[in-house]
Amino acid sequence: MSVRRSLPAVLGAVTLILGLSTAAAPSAAADPCGFYETSSDAYYNHCTSDGSRVIIEVEVWGPNYERCVGPGVSWLGSASSIGGAWYVGRTC
């Protein structure tokens, strides 16, 4: 199974383990939690109510890189150059 397909399951398990609320604001339907793409851009939405900043790994053509993101939506780049992004289990 690819990382992209297992990401929602991993994020769900982490959410349950940490005891975080899975309730979403009304605008969250437009911006799902975790990695998502539009027709042109790639984003990571860190859904949290505690203000935490987390490290994500961004999958690109070439070496992947890590990035610190805060609450809300972070633009990662062009959808054509970003293959995915996921929480690595660390805060920053």
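Up top is the structure these notes are about.
These figures come from a predicted structure and were not determined experimentally.

Draft legend 1. Inspection of the nonpolar core at higher detail. Counting residues in each nonpolar core, the largest one holds 11 residues, listed as Phe35, Ala42, Tyr44, Val54, Ile56, Val58, Val60, Val69, Leu76, Ile82 and Ala85. Contributing elements (two or more residues each) for this core: β2 (41-46), β3 (54-60) and β6 (82-91). With 4 residues, β3 is the single largest residue contributor to this core. Those residues within four positions of Ala42 in sequence are excluded, and the remaining contacts are Phe35, Tyr36, Glu37, Ser74, Trp75, Leu76, Gly77, Ser78, Ala79 and Ile82.

Draft legend 2. Structural context of the sheet that holds strand β1 (residues 34-37). A sheet is described by the order of its strands in space; here 3 strands give the open sequence β1-β2-β5, paired in antiparallel fashion. Two strands in the sheet have a free side with no partner beyond their single neighbour: β1 and β5 (72-78). Going across the sheet, the axis of each strand differs from the next one's by a mean of 25°, ignoring polarity. Of the strand pairs in this sheet, β1 and β2 are connected by 4 bridges, and their pairing is antiparallel. Bridge pairing in β2 places Phe35 opposite Tyr44.

Draft legend 3. Representation of the environment of Asp50 in the model. Of note, Asp50 is situated in the loop between β2 and β3. The sequence separation of Asp50 and Pro71 amounts to 21 residues, and the corresponding C-alpha distance is 8.4 Å. At 2.9 Å, the side chain of Asp50 and the side chain of Ser52 are in polar contact.

Draft legend 4. View of the pairing of β2. Of all 6 residues in β2, 5 are buried; the element is thus mostly enclosed. Between β1 and β2, which pair antiparallel and follow one another directly, the connecting turn spans 3 residues. With 6 bridges joining them, β2 and β5 adopt antiparallel strand pairing. Bridge pairing in β5 links Ala42 to Gly77.

Rules used throughout
Going along each chain's sequence as written, the residues are numbered from 1 onward. With the structure being a predicted model, the display of local features is reserved for residues of pLDDT at least 70 and the display and counting of side-chain atom pairs for 80 or more, all residues being used for whole-chain, interface and lining totals. In computing side-chain values, all of the structure's heavy atoms are included and hydrogens and water are not. The definition of a nonpolar core used throughout is a set of buried Ala, Val, Leu, Ile, Met, Phe, Trp, Tyr and Cys residues joined through side-chain atoms within 4.5 Å. The rule is simple: take the accessible area with a 1.4 Å probe, protein chains only, and divide by the maximum for that residue type; under 20% is buried, over 50% is exposed, in between is partly exposed. Secondary structure follows DSSP: runs of H or I at least 4 residues long count as helices, runs of E at least 2 residues long count as strands, and numbering of each begins at the N terminus. Should any heavy atoms of two residues lie within 4.5 Å, those residues are considered in contact. Being paired, for any two strands, means DSSP has found at least two bridges between them. Helix axes are fitted to C-alpha atoms over the stretch in contact, other axes to C-alpha atoms as well, and angles between N-to-C directions run from 0 to 180 degrees. Here a polar contact means two N or O atoms within 3.5 Å. Within protein one must be a hydrogen donor candidate and the other an acceptor candidate, and residues neighboring in sequence count only if both atoms are side-chain atoms.

Any link to function would need more than the numbers given here.
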